Amino acid sequence: MTEIECNRRILVIDDNAAIHEDFRKILCTRLPGAQALDEAAAALFGGPSVSGDDRTFELESAFQGEEGLARVTAALERGAPYAMTFLDVRMPPGWDGIETAERLWERDPDLQIVLCTAYSDYRWEEVRERLGRSDRLLILKKPFDNVEALQLADALTEKWRLTKQAIAQVADLEGLIESRTRALAQAQKLEAIGQLSAGIAHEINTPTQFIGDNVRFLQESVGEVLGIIERLVPFAAVEGSAPITAGEVTALLETADVDYLREEVPKAIAQSLEGVERISMIVGAMKEFSHPATEKTPYDLNRAIANTITVATNEWKYVAAIETHFDSRLPAVPVMPGAFNQVILNILVNAAHAVGDVVGATPNLKGLITVSTRTLPGWAEIRIKDSGCGIPNEIRERIFDPFFTTKAVGKGTGQGLAIAHDVIVRKHQGTITVEGEVGNGTTFIVRLPLDAEASSLVAAAS
Amino acid sequence: MTQKSDANNRLATILLVDDEPHVTEALKRAFRREPYEFLTAASALEAQTILEQRHVDVVVSDEQMPGLSGSQLLSWVRERFPHTIRMILSGQASLQAAVRAINEGEVYRFFLKPCNPTDLMVTIRQALATKKLEEQSRRLLREYQRQAALLAQVNLNAPELLRLDIDERGALVVDEADGEGELSDLLAEIELAMKRA
């Protein structure tokens, strides 16, 4: 937490030089009873109890309002503002105290002002009307008592410090909230990635398994075939050697189980290549999914969505089929790629969960998730529809609230849709809405604004 | 080589279950020189159908499949065919799945993909050897029980046949006077009783 230090700088603004001298005597030479006063102040304001003689005020003088303002300005500029000022009301020929106070606060709103007056130049009501009802203002009637002035100085310099401290603490707390919110968003992202990584591992491990088995089989078969070739070599090498008989050939072929190899070797190779293709596809999709750009970039949403569907394969493939209807005329849309992908992932994973709740462990039963894009005047629209259980009306209002979740403890942080809302609405000036009824599935509709150029292209095309 | 045709001569039957046929096909290829018959199923449901029709010694199942999971399938197998050896070959290292497989399916081994087919085969062989020993001990136990029952019956019908005298040193006393005759009568009697049983 930020600690604000004591500020004992006081500006006396008075056209009368004798008054300055008085203040100097009062505030810069401590009275015998000063220590008791310090202790009282410490007890009252909770500050450190310091010995009276260590603690004096830094007094500066101005003889006119204008000069006072100049000093306040200069003090602010060098980062050592005054905590308070003793301000005379009557200071001919320049500004009077009220006007000076107005101007001082314009420059330094934190300045504590004690208005010193020998006459009732202004009635309190008038002062209040001019300066407003302010807690930064006190009135000291001349002739004033020394202790009174000293106590005002003690109290108001401490008040200045406490006010600053309170402001600093609020700022600290706001900063803390900001950073916690960011951390939470990051945590949700990590959670999504963690969940994904298990699924991605599965999608990589499975082809790795059968590629390995196939290669082992090929290694063995090729070994056998090479063995046959080795045995054929002598027949070719020696000119005029006895020709190989049909019986010998048959025996050789039988050792290699030729019929079996003829059937299985091409399949083993084809399936292994397909497995390699699948692994490289998911690795490529992962790489694209975690697009590092945080700035808005024109982005091919169709491709990005197809990519996210690939990354999340393991989340949906056991419970649903996915149908995509991509509008091929959709122009590139300016989005923050990483954030956009996360939104699509969150909605997609929710859709898979909703479908999974309906399908359960029923064999051979799968739900359907339909993902479509289309171009509207000025907007790109993405619809993600699931055949899940639907969202009850009574919670529909709350689904975008942070921490709202219907998932079991540990299954969701309740951040997914809150982040989707934040990304689409706040960061992209788009809209995110939900349609559907209980028992009839849910459709999430995301609309993102096209940039001017894309809009005019779309308009020209249609 | 004619191994694929003589299924009846195989030492054991192994059922491979995975929703990805590529996985079961590739395992079959990798194991083609093994003296076992391999069956494949692409879902728990298909596996259940096969198990109800055929004798299977070992089931190796994937965990994550549409419908019933591998551990659910294996816990069903445990109940219906407790002597069938059960193993998981999972693509996902999920603690939850492993716990379920162990507790509900009482699996013999939990393998993670990608696993070396040689390791898998060595484990299958060991499991089959253990199973064979268990079956042998079960058979011997049955045999022993049958013979014990037989003896009890003989004892009931002709108690004098089984009565033995023991001298003061604990040695069996064979009555010399009765000699060979009675011993051969006894054997004939046992023979007869065993035939009746």
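As a reminder, the structure under discussion sits directly above these lines.
A short tour of the structure in this document, coming up. Here, residues in each chain are numbered from 1, in the same order as that chain's written sequence. Each chain is given a letter, starting from A, and each ligand a number, starting from 1, according to the order in which they appear as written. In keeping with the predicted nature of the model, local features appear solely for residues at pLDDT of at least 70, side-chain atom pairs appear and are counted solely at 80 or more, and the whole-chain, interface and lining totals rest on all residues. Working from all heavy atoms in the structure, the side-chain values ignore hydrogens and water.

## Overview of the overall build of chain A
What counts, and what does not: Secondary structure follows DSSP: runs of H or I at least 4 residues long count as helices, runs of E at least 2 residues long count as strands, and numbering of each begins at the N terminus. Using a 1.4 Å probe on the protein chains alone, a residue whose accessible area is under 20% of its type maximum counts as buried, one over 50% counts as exposed, and one in between counts as partly exposed. In this description, contact between two residues means that some pair of their heavy atoms is separated by no more than 4.5 Å. Per-residue and other accessible areas follow the Shrake-Rupley method at a 1.4 Å probe size, with only the shown protein chains counted as cover for residues.
Of the regular secondary structure elements, chain A holds 14 helices and 12 strands. The buried share of chain A, reckoned over its 462 residues, is 43%. A separation of at least 24 residues holds for 75% of the contacts in chain A among residues at least 6 apart in sequence. A total of about 24,000 Å² of accessible surface is found on chain A, and carbon and sulfur atoms cover 57% of it.

## Observations concerning the sheet that holds strand E12 (residues 442-449) of chain A
Residues and elements named next belong to chain A. Applied cut-off: Here the rule is simple: two strands pair whenever DSSP picks up at least two bridges between them. Only C-alpha atoms enter the line fits that serve as axes; for helices the fit covers just the stretch in contact. Angles between N-to-C directions range over 0 to 180 degrees.
Read from one edge to the other, the open sheet built from five strands follows the order E7-E9-E10-E12-E11, with strand pairing classed as mixed. Unpaired on one side and paired on the other, strand E7 (320-325) and strand E11 (431-436) mark the two borders of the sheet. Averaged over all neighbouring strand pairs, the angle between strand axes comes to 15°, with direction disregarded. The sheet contact formed by strand E10 (residues 379-386) and E12 spans eight bridges and is antiparallel. Bridge pairing links Ile382 to Val446 in E12. Across the face of the sheet, helix H9 (residues 301-311) comes into contact with E7, strand E9 (367-376), E10 and E12 while running at roughly 165° to E9.

## Structural notes on the interface of chain A and chain B
We count it as follows: What counts as buried area is the accessible surface, traced by a 1.4 Å probe, that two parts surrender upon association, with contributions from both included. Note on definitions: salt bridges are taken to be side-chain nitrogens of Lys or Arg within 4 Å of carboxyl oxygens of Asp or Glu. Contacts described as polar in this section are N or O atom pairs within 3.5 Å, which, within protein, must combine one atom able to donate a hydrogen with one able to accept it, while residues neighboring in sequence count only if both atoms come from side chains.
At the junction of the two partners, chain A supplies 36 residues and chain B supplies 29 residues. When residues of chain A are sorted by the area they lose upon contact with chain B, Gln209, Asp213 and Tyr318 of chain A head the list and together hold 21% of the total. Seen at the junction of chain A and chain B, the total is six salt bridges. For the interface between chain A and chain B, the tally reads 12 residue pairs in polar contact (both at pLDDT 80 or more). Secondary structure elements with two or more residues in the side of chain A that touches chain B: helix H6 (146-237), helix H7 (246-256) and helix H8 (258-289) of chain A. Top contributing element to the side of chain A that touches chain B by residue count: H6 of chain A, with 16 residues.

## Notes on the pattern of salt bridges
All names here are of chain A. A full pass over the atoms with the stated rule returns 40 salt bridges over all chains. In this structure, the salt-bridge partner of Arg71 is Glu67, at a minimum N-O distance of 3.7 Å. Here Arg71 pairs with Glu67, and both are found in helix H3 (residues 65-77), just four residues apart, close to one helical turn. The partly exposed category is assigned to Arg71, whose relative accessible area is 31%. Residue Glu67 is classed as partly exposed on the basis of its relative accessible area of 30%. We note a salt bridge from Arg161 to Glu158, for which the minimum N-O separation is 3.1 Å. Of this pair, Arg161 and Glu158 both sit in helix H6, three residues apart, which is roughly one turn of the helix. Overall, Glu158 belongs to the buried group, its relative accessible area being 10%.

## Considering the side chain of Glu34 of chain B
Within the secondary structure layout, Glu34 of chain B lies in the loop between helix H1 (21-30) and strand E2 (36-41). A polar contact of 3.1 Å, which involves the side chain of Glu34 of chain B, links it to the side chain of Arg125 of chain B.

## Quick notes on the pairing of E10 of chain A
Remark: a regular strand shows side chains that alternate across the two faces of the sheet. Residues and elements named next belong to chain A. Across eight bridges, E9 lies against E10 in antiparallel orientation. Opposite Leu376, over in E10, you have Trp379 as the bridge partner. Where E9 folds back onto E10 in an antiparallel hairpin, the turn is made up of two residues, including Gly378, whose phi is positive at roughly 85°.

## Description of the layout of surface pockets
All names here are of chain A. For the record, the criterion: Only protein atoms enter the 1 Å grid used here. Points where a 1.4 Å probe fits but cannot escape make up a cavity, open sets with protein on both sides within 12 Å along at least five of seven lines make up a pocket, and a residue lines them when an atom lies within 4 Å of a point. Grid points are joined across faces, edges and corners, and a volume is the space filled by probe spheres set on the points.
Put simply, the second largest pocket is a space of about 730 Å³. If you go around the second largest pocket, you meet 25 residues; those closest to its centre are Ala185, Ile419, Asp422, Val423 and Lys427. Mapped by element, the contributors of at least two residues to the lining of the second largest pocket are H6, helix H11 (337-359) and helix H13 (416-427). Counting residues per element, the lining of the second largest pocket draws most heavily on H6, at seven residues.

## Remarks on the environment of Val359 of chain A
Mapped onto the fold, Val359 of chain A is located in helix H11. Apart from residues no more than four positions distant in its own chain, Val359 of chain A is found in contact with Val319, Leu365, Lys366 and Gly367 of chain A.

## Quick word on the pairing of strand E4 (residues 85-90) of chain B
Residues and elements named next belong to chain B. Test applied: Clockwise travel from the first strand over the helix to the second, with the strands pointing away from the viewer, marks a crossover as right-handed.
For E4, the buried fraction is high: six of the six residues fall into the buried class. Here E4 shows a buried face lined by Ile85, Met87 and Leu89 and a second buried face lined by Arg86, Ile88 and Ser90. When strand E3 (residues 58-61) meets E4, the two strands line up parallel, connected through four bridges. Bridge pairing links Val59 to Arg86 in E4. One ladder, built from four bridges, connects E4 with strand E5 (residues 109-112); its direction is parallel. Directly across from Ile88, in E5, lies its bridge partner Phe110. Remark: the E4/helix H4 (residues 95-105)/E5 crossover connection has right-handed handedness.

## Observations regarding the nonpolar core
The line we're drawing: What we call a nonpolar core is a set of buried Ala, Val, Leu, Ile, Met, Phe, Trp, Tyr and Cys residues that are connected through their side-chain atoms within 4.5 Å.
Membership of the largest hydrophobic core comes to 53 residues, with the highest contact counts inside it found for Leu301, Phe340, Ile369, Ile382, Phe444 and Leu448 of chain A. Per-element accounting of this core gives the leading share, 12 residues, to H11 of chain A. With sequence-adjacent residues up to four places away left out, Phe340 of chain A is seen in contact with Tyr299, Leu301, Ala304, Ile305, Val335, Ile382, Val423 and Leu448 of chain A. In this structure, Ile85, Met87, Leu120 and Ala127 of chain B belong to the second largest nonpolar core, which totals 25 residues.

## With respect to H13 of chain A
All names here are of chain A. Rule in force here: One less than the residue count of a helix, multiplied by 1.5 Å, gives the span that helix is expected to have.
Its 12 residues place the ends of H13 15 Å apart at the C-alpha level, agreeing with the 16 Å of an ideal helix rising 1.5 Å per residue. When we look at burial in H13, the residues that qualify are Gly416, Leu417, Ala418, Ile419, Ala420, Val423 and Ile424. Following H13 by one or two positions, Gln429 adopts a phi angle in the positive range, close to 55°.

## Examining a nonpolar patch on the surface
The condition is simple: Like-charged residues are merged into a patch within 9 Å and nonpolar side chains (Val, Leu, Ile, Met, Phe, Trp, Tyr) within 5 Å, provided each residue has over 30% relative accessible area and no salt bridge.
A cluster of nonpolar side chains, contributed by Val222, Val225, Leu226, Ile229 and Val233 of chain A, occupies part of the molecular surface with about 390 Å² of accessible area. By the element assignment, Val225 of chain A lies in helix H6.

## Some words on the sheet that holds strand E4 (residues 112-117) of chain A
Residue and element names in this part refer to chain A. Ordered in space as E2-E1-E3-E4-E5, the five strands form an open sheet in which the pairing is parallel. Each edge of the sheet is formed by a strand with only one pairing partner; in this case those strands are strand E2 (58-62) and strand E5 (137-141). Mean inter-strand twist for the sheet, computed between neighbouring axes without regard to direction, equals 20°. Across four bridges, strand E1 (residues 9-13) lies against strand E3 (residues 84-88) in parallel orientation. Residue pairing across strands places Leu11 opposite Thr85, the latter belonging to E3. Here helix H1 (residues 17-28) sits on the sheet in contact with E1, E2, E3 and E4, set at roughly 170° to E2.

In short, geometric facts, not functional conclusions.
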